[in-house]
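Read off the chains here:
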Amino acid sequence: MPDASPSTATPLLSSFGMRKALVFDFHSLPLRPSSYAATLGSTVVIAPHPDDESLGCGGLIALLRQAAVPVQVVLISDGTMSHPNSRKFPPAARQALREAELRQALLELGVETSPVCLGLPDSKVPREGQARFTEAATQLQELFATVKPATILCPWRRDPHPDHRATSELVRAALTGLPVPPRLLEYVVWAWERAAPTDLPQPGEVSGWRLDVGSVLEQKQRAIAAHRSQLAPGVIDDDPTGFLLSPEMLAHFARPFEAYLEVM
Ligand SMILES: [Zn+2]
């Protein structure tokens, strides 16, 4: 997952102690039991990069599979920009490595169905109005029409990473026009770490909840660990400027709950 500088770095804190700020606090969302997962029905998980699925919703995926609910993962980007200067791993090899890591992560979560990989350019997933946007949205719409999921999991629409926002735009464009739109649940990745106030849900915008994933937390951690190239410099060892997930970032995903948002 390549890094992207946020416009404003604001720690995601509760409003406690802040000047009458009404900062949205993921930690205060109501907690739903793990048994809630199975009620979501067959699910398509949209990941902008390999690792977003494990970080943002790995616990929910494991719970869905535990309940024998079908899960199809769609990878949006080619994942090649985490280590753009590597010569040992030129772009095609980087893409292959990251997709192999994704497949391993999915096996850890109990997903045996191969992911669908759209291969859009990492860091340049098209926004609405840009080249390839309509084509990619149509691809997604055809997939939704074929798979007929009850639920779609997608990054929060203002998650502070350009590819995550672009992915949300693609998914919402694909959903427009479907006769029976699935339920859209938005998961959180970068907003845990560095959301500006405007990136967060505004009053009345969403109903949100947390899901108890304590019973599958070890599975989730194994899935995250499968993305080895994003965790240790020794996998792609010739790009010292390459991206690695920080311990601080990983700590957000070691908690026994995940947050989900539904726009009202
Ligand atoms: Zn990502």
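Our structure is the block above this text.
Residues numbered from 1 in each chain as written. Predicted model: local features only at pLDDT ≥ 70, side-chain atom pairs only at ≥ 80, totals over all residues. Heavy atoms only, no water.

Let's talk about empty space enclosed by the protein
Which parts of space are left empty comes out when a probe the size of a water molecule is rolled across the atoms. For clarity, the cut-off: Note on definitions: the grid is 1 Å and covers protein atoms alone; a cavity is a set of points where a 1.4 Å probe fits but cannot get out; a pocket is an open set with protein on both sides within 12 Å along at least five of seven lines; lining residues have an atom within 4 Å of a point. Grid points are joined across faces, edges and corners, and a volume is the space filled by probe spheres set on the points. Put simply, DSSP H or I for four residues or longer makes a helix, DSSP E for two residues or longer makes a strand, and each gets a number counted from the N terminus. The classification used treats Ala, Val, Leu, Ile, Met, Phe, Trp, Tyr, Cys and Pro as nonpolar, Asp, Glu, Lys and Arg as charged, and all other residues, Gly among them, as polar.
What the rule picks out here adds up to one cavity of 30 Å³ or more. The calculated volume of the largest cavity comes to roughly 50 Å³. Every residue along the wall of the largest cavity is listed here: Leu55, Gly56, Val188, Trp192, Lys220, His252, Phe253, Arg255, Phe257, Glu258 and Ala259. Those elements giving two or more residues to the lining of the largest cavity turn out to be α1 (52–66) and β8 (257–263). When residues in the lining of the largest cavity are grouped by element, the largest group, three residues, is from β8. Split by residue class, the lining of the largest cavity holds six nonpolar, two polar and three charged.

Notes on the coordination of the zinc ion
Formally: With water excluded from the atoms, a metal site may look incomplete; its donors are any N, O or S atoms within 2.8 Å, or within 3.2 Å for Na, K and Ca. Note on geometry labels: four donors, all angles 85 to 135 degrees, give tetrahedral; four donors become square planar and six octahedral when opposite donors are over 155 degrees apart and every other angle is between 65 and 115; remaining cases are irregular. We call a residue buried when its accessible area falls under 20% of the maximum for its residue type, exposed when it is over 50%, and partly exposed in between, using a 1.4 Å probe and counting protein chains only.
All of the protein donors around the zinc ion are His49 (ND1), Asp52 (OD), Asp52 (OD) and His164 (NE2); their distances to the metal are 2.1 to 2.6 Å. Around the zinc ion, the four donor atoms sit at angles spanning 54 to 145 degrees, and that spread fits a shape best called irregular. The sequence pattern describing where the donors of the zinc ion fall on their chain is H-x2-D-x111-H. Here His164 lies in helix α4 (residues 162–175) and His49 lies in the loop between β2 (43–47) and α1, a separation of 115 residues in the sequence. The buried category is assigned to His49, whose relative accessible area is 0%. Among the residues examined, His164 registers a relative accessible area of 0% and is labelled buried.

Quick look at the environment of Pro233
Locating Pro233 in the fold gives a position in the loop between α6 (217–225) and α7 (247–252). A relative accessible area of 56% means that Pro233 is categorised as exposed. Each C-alpha atom of the pair Pro233 and Phe243 lies 8.9 Å from the other, and the pair is 10 residues apart in sequence.

A short note on the side chain of Arg98
Defined as follows: Two N or O atoms count as a polar contact when they lie within 3.5 Å, although within protein this holds only if one can serve as hydrogen donor and the other as acceptor, and sequence-adjacent residues are included solely when both atoms are side-chain atoms.
One can find Arg98 in helix α2 (residues 91–108). Reaching out from Arg98, the side chain makes a polar contact with the side chain of Gln230 at a distance of 3.4 Å.

Structural notes on the packing of aromatic side chains
Rules: Between the rings of Phe, Tyr and Trp (Trp by its six-membered ring), a pair exists once the centres lie within 6.5 Å; its type follows the angle of the planes, with under 30 degrees stacked, over 60 edge-to-face, and the other angles tilted.
As enumerated under the stated definition, the model contains six aromatic pairs in all. Ring geometry for Phe24 and Phe26: centres 5.2 Å apart, planes at 75 degrees, overall edge-to-face. Judged on exposure class, the residue Phe24 and its partner Phe26 are both buried. Geometrically, the ring pair formed by Trp209 and Tyr260 is tilted, given 5.3 Å between the ring centres and 35 degrees between the ring planes.

Some words on the sheet that holds strand β1 (residues 31–32)
Spelled out, the test is: By definition, two strands form a pair when at least two bridges between them are found by DSSP.
Read across the sheet, eight strands follow the order β1-β7-β8-β6-β5-β2-β3-β4 without closing on themselves; strand pairing throughout is mixed. Two strands bound the open sheet, and with one partner strand each, they are β1 and β4 (116–120). Pairing between β2 and strand β5 (residues 151–155): three bridges, direction parallel. Residue pairing for β5: Thr43 is matched across the bridge by Thr151.

Scope: geometric values only; no functional claims are made or implied.
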